[in-house]
Amino acid sequence: MKILLKQTISIFIILFTTNSIMVAESIRVLIVDGPQKYHKYEETTPVLKEILEKTNRFTVDLSRSTPKSGKDGSYKPEFRKYDVIVVNEGFGSHDWPQATQVAFEDYMKNGGGMVSYHAANNAWPNWVEYNKMTGVGGWSGRDEKSGPYLYINEDGEVVRDMSPGRGGSHGPRHTFEIVVREQEHPIMKGLPERFAHGPDELYDRLRGPAENVTILATAYSSKNMKGTGRHEPVLMALNYGSGRIFHTVLGHSTEQLKMSTFVSTFQRGTEWAATGEVTIPVPDDLTGATGEAVLKIMSNVDNVQRSNYGKNSFQLSNTGGKNIVEFELDVSNALFPDSVFDPEGLAGDSVAKPLQINSDMTTGVIPFDQSKKKVYIGEGGTKGYRGLRITFDTDKDDGFNPGESIGFSIDMDPNSIAGTRKKPLDQASAPKWDVGGISGAELIGSTFIVTFEDGTKAKGQLFSTATQAGSQGIATQQPRDIQAQLTVNGMEPGETGSYSEGGPKILVSASAGQIVRVVVAKGFIQPVTAYDKKLHKQLEALSKEPFPANNAVEFQFADLKMTDTTIDVSDHFDFTNVENYNFSADPNKPFSIDEDKVSLAIVAAVIDPENQDLILGPVTKPIYLSFR
């Protein structure tokens, strides 16, 4: 009994000592905030507190200033009680009392820790020492007098640019790729070299003293998202005296604070600012498998009249590391907007075929008549469907596993020929044409979403395979988001206009070294005469659309390596002839047209030659042109 009692006492002493050490080693955090414009600090501060405390590594207190406590000098947080101060201030924050500013400077110079969260780099443009702590900031009147712009160029070099201009801007919230620049830094060690974050605000044009700054990670600020076309810093580490600062521009609102990418970098950055070390592990969803799938539609077919009606026209492959449970394809944004799914033979010609699985590597596909979800998405009937959905059962054949593929097919038609009969329809075409056929190339721009077994998703978009009938796209949870910029006759993507003899002027740009594929699709209306009044009315309505075409007659392509300048690619295309067909306008055929006056649809995207020419970012919205 005495021996047992001694052992019990010893165990109690060990446990008590261990718990005491754990409490002593807990990192003491103070989150400071106060009234500001544009950011709901009352909502974000509690979430920041929760993010830190759930690690059991931090104890967190809060301190909120007011305009009154700033003016009367009563705002006096005891900074020295804490290992790290998280600053949740922002644009329009009132000044701290002078004595409090000095106390904070002394705290940092003598080894304190600080985290500059999101809009904290907007605050206090006239507080010289604070701006040294954040390194760079934006808004609040910042300009070239505040210091240089800070970014990384295409060669991976840090640039401190003293060009005149305002400090701070951002485009609409969107998902962007974060690129780790310092993989051996304690905060970033173990994180993937690239990972997606968002949708969130991507700050750019940040400028300031930019002293003692290590850029930990950047994101490309696309001009398509009203950005700079540069790699902008999103995570930084700084020194101020003996103090350490972690600066993150991520996390606009509570929605973004819940994202794993923010949570992980914020926790690890806060620990580093406090201790100089990082013990908090990278979560499994950032180090684990990446979901990815590739969709190909007639990818190797080089005949513009071939249709995706044939077997295995659609090929979906699981190229990632997660099981797929659902696939959705949406053709609402197809390059040829007249395209619809017509499984019932009502939205196009009378020939019809429902969705069919043609080949299956034991993916666990759920039979369409047993699926609990709609297979076809949209109005249906004479309007056709704009989307389709395929679901997979993880308990059947172990589901849709990495490395497996499934092939399928379905009837698609131009909706402008709804309610027609195939034989008289094709007989009225010129040149002789399969009027009801829709190819993969005509579906460029369409989007698809893949849902994985863990509930996460990835979105992809179809683009050209540089064939007359093919398209392909990749949906990945590590998107690159490298974008191309396109203008045609001065018009931006999404706009419509006209061209004349000689063809349009096509200008393209992207980051230096990237390969941009420009696609010019030529379209016309078929048939050239209507065999009844209903069809004539439908084709007449189509002729008045911004893109008066329901069939592609030719695709042309140009792949160009980008430099630092905008490139004129107009000479890469022939706007006077259609290589494989000869046709001209006939006054007796109201919808006929000369082959040098066809309607044009022009798009571009950055492709990856090392990965089957799959796109590295979004396809530009089409620019539609009619001959005038």
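Bear in mind that the values here come from a model prediction, so they are computed numbers and not experimental data. (Residues numbered from 1 in each chain as written. Predicted model: local features only at pLDDT ≥ 70, side-chain atom pairs only at ≥ 80, totals over all residues. Heavy atoms only, no water.)

## Considering the packing of helix α2 (residues 41–53) against helix α7 (residues 260–275)
Argument step 1. In the contact formed by α2 and α7, the axes pass within 10 Å of each other and the chain directions differ by 70°. It follows from the interaxial angle that α2 and α7 lie roughly perpendicular. Here Leu48, Ile51 and Leu52 of α2 lie close against α7, whose contacting residues are Phe262, Val263, Phe266, Gln267 and Thr270. (Axes fitted to C-alpha atoms, helices over the stretch in contact; angles between N-to-C directions. Helix = DSSP H or I, 4+ residues; strand = E, 2+ residues; numbered from the N terminus. Parallel < 35°, antiparallel > 145°, perpendicular 65-115°, else oblique. Contact = heavy atoms within 4.5 Å.)

## So, the nonpolar core
Argument step 1. Ranked by internal contacts, the top residues of the largest apolar core, which has 71 residues, are Val29, Ile85, Phe104 and Val234.
Argument step 2. When residues no more than four places from it in sequence are discounted, the contact partners of isoleucine 85 are Leu30, Val32, Phe79, Phe104, Tyr107, Gly113, Met114 and Val115. (Core = buried A, V, L, I, M, F, W, Y, C linked by side-chain atoms within 4.5 Å. Buried < 20%, exposed > 50% of the residue type's maximum accessible area, 1.4 Å probe, protein only.)

## So, the packing of aromatic side chains
Argument step 1. As enumerated under the stated definition, the model contains 29 aromatic pairs in all.
Argument step 2. When the centroid spacing of 5.7 Å and the interplanar angle of 55° are considered together, the rings of tyrosine 75 and tryptophan 96 count as tilted. In this pair, tyrosine 75 is assigned in the loop between α3 (67–71) and β3 (84–88) and tryptophan 96 in the loop between β3 and α4 (98–109), connecting sequence segments 21 residues apart. An identical accessibility class is assigned to tyrosine 75 and tryptophan 96; each is buried.
Argument step 3. Ring centres of phenylalanine 336 and phenylalanine 547 lie 5.1 Å apart, and the angle between their planes is 75°; on these two criteria the pair is classed as edge-to-face. Placement of phenylalanine 336 in the loop between β14 (324–330) and β15 (339–341) and of phenylalanine 547 in the loop between α10 (533–543) and β29 (551–561) is noted, with a sequence separation of 211 residues between them. Each member of the pair, phenylalanine 336 as well as phenylalanine 547, carries the same accessibility label: buried.
Argument step 4. An aromatic cluster is present here, built from Tyr75, Phe79, Trp96, Phe104, Tyr107, Trp124, Trp127 and Tyr130 joined pairwise through their rings.
Argument step 5. When the ring centre of tyrosine 149 is taken as reference, the NZ or CZ atom of arginine 230 above it lies at 5.4 Å.
Argument step 6. Note that arginine 230 overlies the ring of tyrosine 151, its terminal NZ or CZ placed 4.0 Å from the centroid. (Phe/Tyr/Trp six-rings, centres within 6.5 Å; stacked < 30°, edge-to-face > 60°. Lys NZ or Arg CZ within 6 Å of the ring centre and 35° of its normal.)

## Digging into the sheet that holds strand β21 (residues 447–452)
Argument step 1. Here we have five strands laid out as an open sheet, ordered β17-β18-β14-β21-β22, and antiparallel in their pairing. Among the strands making up the open sheet, the edge pair consists of β17 (376–377) and β22 (457–461).
Argument step 2. Pairing of β17 with strand β18 (residues 387–391) involves two bridges; the strand directions are antiparallel. Paired with isoleucine 377 across the bridge in β18 is glycine 387. (Pairing = 2+ DSSP bridges.)

## Description of unusual backbone geometry
Argument step 1. Going from glycine 198 to proline 199, the amide bond is cis rather than trans, its omega being 5°.
Argument step 2. Topologically, proline 199 is positioned in strand β8 (residues 194–200).
Argument step 3. Of note, the amide linkage connecting glutamine 526 to proline 527 takes the cis form, showing an omega dihedral of 0°.
Argument step 4. Checked against the element boundaries, proline 527 lands in the loop between β28 (515–524) and α10.
Argument step 5. One non-glycine residue, tryptophan 139, adopts positive backbone phi at about 60°.
Argument step 6. Examined against the element boundaries, tryptophan 139 turns out to sit in the loop between α5 (128–134) and β5 (149–152).
Argument step 7. The class of tryptophan 139 is partly exposed, set by a relative accessible area of 22%.

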